[in-house]
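# Structure assessment
Each chain, letter by letter, is given below.
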Amino acid sequence: MANLPATAPVPASPADTAENPLSGIDQAAGNFSYKMDYEFDAGTGLSEKTVRYISAVKKEAPWILEFRLNALKTFLAKPMPTHWATKDLENIDFDKIRYYLSSGQKPKRTWDEVPDDIKKTFERLGVPEHERKFLAGVEAQFDSEAAYSNIKEAVSKQGVIFVNSTEGLREHPDLFRQFFGKVIPTGDNKFSALNSAVFSGGSFIYVPKGVKVAMPLQAYFRINAENFGQFERTLIIADEGAEVTYMEGCTAPKFSTSTLHSAVVELVALKGAKIQYITVQNWANNVFNLVTKRGVAHEDAEIKWIDCNIGSRLTMKYPGVVLKGRRARGEVISIALANDGQHQDTGAKMIHAADETTSNIVAKSISVGQGRSTYRGVVHIPKHLKGCKNNTECDALLINTNSRTDTYPAITSRGEGNSTQHEASVSKVSEEQIFYMQQRGLTEGQAMSLSVNGFINDLARQFPMEYSVELKRLIDLEMEGSVG
Amino acid sequence: MSQLEIKDLHISIGDKPIVKGLTLTVRRGEVHALMGPNGTGKSTLAKAIAGHPSYTITSGEVLLDGRSILAMHPDERARAGIFLAFQYPSEIPGVSIANFLRAAVQARLGEGEELDATAYYKRLYSKMDLLQIDRKFTSRSVNDGFSGGEKKRCEILQMAMLEPAFALMDETDSGLDIDALRIVADGVNALRSTNLGVLMITHYQRLLGYIVPDHVHVMWDGRIVKSGDKSLALELEAKGYDWVKNELVPA
Ligand SMILES: Nc1ncnc2c1ncn2[C@@H]1O[C@H](COP(=O)(O)OP(=O)(O)OP(=O)(O)O)[C@@H](O)[C@H]1O
Ligand SMILES: [Mg+2]
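I will try to describe carefully the structure that is included in this document.

Rules used in this analysis
- Residues numbered from 1 in each chain as written.
- Chains lettered and ligands numbered in written order.
- Predicted model: local features only at pLDDT ≥ 70, side-chain atom pairs only at ≥ 80, totals over all residues.
- Heavy atoms only, no water.
- Helix = DSSP H or I, 4+ residues; strand = E, 2+ residues; numbered from the N terminus.
- Rg over C-alpha atoms; globule rule 2.2 N^0.38 Å.
- Buried < 20%, exposed > 50% of the residue type's maximum accessible area, 1.4 Å probe, protein only.
- Contact = heavy atoms within 4.5 Å.
- Areas by Shrake-Rupley, 256 points an atom, 1.4 Å probe, with all protein chains shown as cover.
- Disulfide = S-S within 2.5 Å.
- Donors = N, O, S within 2.8 Å, 3.2 Å for Na, K, Ca; no water.
- Polar contact = N/O pair within 3.5 Å; in protein donor to acceptor, adjacent residues only side chain to side chain.
- Salt bridge = Lys/Arg side-chain N within 4 Å of Asp/Glu carboxyl O.
- Core = buried A, V, L, I, M, F, W, Y, C linked by side-chain atoms within 4.5 Å.
- Domains from an automatic or database assignment.
- Buried area = accessible area lost by both parts, 1.4 Å probe.
- Axes fitted to C-alpha atoms, helices over the stretch in contact; angles between N-to-C directions.
- Left-handed = near helix turned anticlockwise from the far one by under 90°.
- Nonpolar A, V, L, I, M, F, W, Y, C, P; charged D, E, K, R; others polar.
- Near = heavy atom within 4 Å.

What follows is about the overall build of chain B. Within chain B, the regular secondary structure consists of eight helices and 12 strands. For 251 residues, the compact-globule estimate of 2.2 N^0.38 gives 18 Å, and the C-alpha radius of gyration of chain B, at 18 Å, lies within 12% of that figure. Overall size of chain B, expressed as C-alpha extent along the three principal axes, is 60 × 40 × 35 Å. Burial analysis of chain B (251 residues in total) assigns 52% to the buried set. Excluding contacts between residues fewer than 6 apart, the proportion of contacts in chain B whose partners are at least 24 apart in sequence is 68%.

So, in structure tokens, the structure goes:
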């Protein structure tokens, strides 16, 4: 681990040899994003120097640099949560990670070098030609400016701010600062601290009072090297009575050389506001995906997380809602699929902090082959509250006997007049079931895929159409690949 | 020469031989009834022909139109025209009958061929009407929470939709009430006229009154010990399995 004290000598990085990191910045910033035509990166390894470098490249205000440096100290001081999570975390080599890549970063490989099976996956998923190159790491920039500016134009008429976090910090510093790091404090966990030290990319959204954004805001339309990077930081604020849906990720796996993805997403739903945050992610097999997501729901507000995790070596993600105001509602709908060699450690956190708050958790996991899924939840209803409700439902589907699944619901409800309900089930796709479907002419892969889709059907129906269609296609591919 | 030939077939479960040298030929358009006491290996025969992985064929052949199917996967056998109406159909939670059958029909189309959804639903509804299955069933999960009789009817619906060349019907009659038996029999008879070959496993003469078999075979301890026409079923019903045991089974 890179527990280098801040004063330790820093290994030479390519960044050290660059003359002036700031000289290359294109000051004539683009209309909707800052074009960075330079080719700098922060080198490998993490130190105070790395953090200062990132902050300098981004021309950040001093308070942000200070925020980052404090976060770095917290990160270095915190132990790995291996005591409750998994020892696999010890295999992350923090010295080998690149903490900042500018969007002008030269591609590390050519299209010819992209493995055939990856190309085939793109084809099967119907990923458009120009996006394939970006996703495969052949092109650093994916030009979706047209699609994005349409959305931005449409919503900005309503006064909605929808920019990347770097831009948000520059152009809306007061608004940003008011909520930034408040829902998820730097020291929440080791990886939120890491993100706080080196974050770049992610979205900043503000929806003004009473504004209901009709179309979902999609991060997908504005991916570039930075936004789609490893340490995104997203902050969404829905002012009183506002409503917004945000969709992140895309179902095409991103094939990169980076192995650590550690995002922080903070949501603030003020009085009567509604935020829905939808994620469908498909990570390559070597990625550690360690993400902290939480929202605060004020009086009569509602926050709903819809979270689909497919792939990765290890995903640790427990979207949460702090139910801060009376009658606030929180919901987590999650689907996790762990195939051979993958571990999905996912769940939800519901912190009830006001009377008559309600929370609902529905988590479905699918374990295939040696895949491992864990549900980890926290529901906390303290003694002094009245009229709170929680419903937790965890269902696991096992495909073949080697799969492993664990459930740690951890529901604490102390007060009177609060009610909690917890249901858990484990089911198996049996050999008989697969044979039955094969007897009707479906291949083994199609049969498994149909069983999995059947298992998540009631949740997938809640997704926007295009996401549920993509999710289905993705499951088809996963299952096809898992047949020996 | 469209036919399903079972030649001196031996089937084991684990090390235990269950079917011990069974020979039978079913031509398209024919109905063969297979009768025999519990545990004699009737379902084993049907599942092994369909390619169930738990059943090992230790010797013998199964030929479809002269070609061996034994090296084929279960789904390949199905697409080649073999249908098994299960004695105990599996439940598939979350997968609607409409979607399941659609996937099965789609699986029979050529590469790049798209299923015509309107035509598909039209056909599905007409088959459901034929079998007097409520249309509400299309959105219900396959066999999930179905009554015994509903499951059997759902098997025949699938058979009607998939139009196999040969159907292995394993005790489709058990669990059906009197009216349902009639309806299912009418459905099978309608398919029979389309050149379907049937191997019908049953314990009861009653079904054979509705679906009149061309041949009746009596199975005992993994072998066919007597074959005859429809009158054999009546004789069997009158005399019981003691007759088979004492007079037909070689000592
Ligand atoms: N999976 C299995 N493992 C072990 N024995 C089995 C298995 N399946 C079937 N058998 C045995 O094989 C024998 C034949 O069973 P099979 O189901 O083929 O009988 P059947 O003729 O269809 O009987 P029934 O009329 O009761 O349906 C029985 O003794 C049964 O217990
Ligand atoms: Mg049987």
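The discussion continues.
For the rest of this paragraph, the subject is the overall build of chain A. A tally of helices and strands in chain A yields 12 helices and 20 strands. Relative to its full complement of 484 residues, chain A shows a buried share of 59%. Of all intrachain contacts in chain A linking residues separated by at least 6 positions in sequence, the fraction that spans at least 24 positions is 84%. If you sum the accessible surface of chain A, you get close to 19,100 Å²; carbon and sulfur atoms cover 50% of it.

Let us now look at the state of the cysteines. Residue and element names in this part refer to chain A. One pass over the structure, following the stated rule, counts zero disulfides over all chains. Unpaired in terms of disulfides, Cys-388 finds its nearest cysteine sulfur in Cys-394, a separation of 20 Å. Judged by relative accessible area, Cys-388 falls into the buried class, the value being 0%.

The next thing to look at is the coordination of the magnesium ion (ligand 2). Note on metal geometry: ideal angles are 109.5 degrees for four donors arranged tetrahedrally and 90 or 180 degrees for six donors arranged octahedrally. Residue and element names in this part refer to chain B. Only Ser-43 (OG) and Gln-87 (OE1) from the protein coordinate the magnesium ion (ligand 2), and they sit 2.0 to 2.2 Å from it. On the criterion of sequence distance, the pair formed by Ser-43 in helix α1 (residues 42-50) and Gln-87 in the loop between β6 (82-85) and β7 (92-96) is long-range, its members being 44 residues apart. Relative accessible area serves as the criterion here: at 16%, Gln-87 is assigned to the buried category.

Here we come to helix α10 (residues 431-439) of chain A. Along α10 of chain A, seven of the nine residues are buried, which leaves the element largely enclosed by surrounding structure. Every buried residue belonging to α10 of chain A is among Gln-433, Ile-434, Phe-435, Tyr-436, Met-437, Gln-438 and Gln-439 of chain A, and all of these are buried.

As a further point, take the side chain of Lys-42 of chain B. Residue and element names in this part refer to chain B. Structurally, Lys-42 can be placed in helix α1. Here Pro-37 takes part through its backbone oxygen, which lies 3.0 Å from a polar atom of the side chain of Lys-42. Here Lys-42 is in contact with Leu-34, Met-35, Gly-36, Pro-37, Ile-201, His-203 and Met-219, once residues within four sequence places are set aside.

The subject of this paragraph is the pattern of salt bridges. Inspection of the entire model under this criterion finds 30 salt bridges over all chains. A single network of salt bridges, built from pairs that share partners, joins Glu-248, Lys-293, Asp-307 and Lys-317 of chain A.

For the rest of this paragraph, the subject is the nonpolar core. By size, the foremost hydrophobic cluster in this structure holds 115 residues, and its most contacted members are Ile-366 and Leu-471 of chain A together with Leu-45, Phe-100, Leu-157, Met-159 and Met-169 of chain B. For this core, the element with the highest residue contribution is helix α11 (residues 444-460) of chain A, accounting for eight residues. Residue-level mapping places this core at the junction of two domains, with at least three residues from each of domain 1 (17-317) and domain 2 (432-484) of chain A. When residues no more than four places from it in sequence are discounted, the contact partners of Leu-45 of chain B are Ile-6, Leu-9, Ile-11, Val-19, Leu-22, Leu-34 and Leu-199 of chain B. Core analysis: the second largest hydrophobic core is formed by 38 residues, Val-211, Ile-303, Val-321 and Leu-323 of chain A among them.

A separate point is the interface of chain A and chain B. Each side of the interface is counted separately: chain A has 16 residues, and chain B has 31 residues. Between chain A and chain B, a total of about 2,000 Å² is buried, with carbon and sulfur atoms accounting for 61% of that surface. It is Phe-435, Tyr-436 and Arg-440 of chain A in chain A that bury the most area against chain B; as a group they hold 38% of the surface buried on that side. Scanning the region where chain A abuts chain B turns up two salt bridges. Glu-432 of chain A is the salt-bridge partner of Lys-47 of chain B, the closest N and O atoms lying 3.9 Å from each other. Counting across the chain A and chain B interface gives 16 residue pairs in polar contact (both at pLDDT 80 or more). Mapped onto the side of chain A that touches chain B, the elements with two or more residues apiece are α10 and α11 of chain A. Here the side of chain A that touches chain B gets eight residues from one element, more than from any other, and that element is α10 of chain A.

All names here are of chain B. Two elements in contact, helix α3 (residues 97-107) and helix α5 (residues 148-162), have axes separated by 10 Å at closest approach and are oriented at 35°. The crossing of α3 and α5 is right-handed. Of the residues in α5, those touching α3 at Ile-97, Phe-100, Leu-101, Ala-104 and Val-105 are Cys-154, Leu-157, Gln-158, Met-161 and Leu-162. Split by residue class, the contact of α3 with α5 holds nine nonpolar, one polar and no charged.

This part covers the site of ligand 1. All names here are of chain B. Surrounding ligand 1, one finds 15 residues, the nearest of these being Gly-39, Lys-42, Ser-43, Thr-44 and His-203. Taking Gly-39, its main chain carries an N or O atom lying 2.8 Å from an oxygen atom of ligand 1. Thr-40 places a main-chain nitrogen or oxygen 3.2 Å from an oxygen atom of ligand 1. Here ligand 1 loses 62% of its free accessible area of 630 Å² to cover by the protein chains. Contributing elements (two or more residues each) for the shell around ligand 1: β2 (16-27) and α1. Among the elements that take part in the shell around ligand 1, α1 stands out by supplying three residues, more than any other. Its residues assigned to classes, the shell around ligand 1 comprises four nonpolar, eight polar and three charged.

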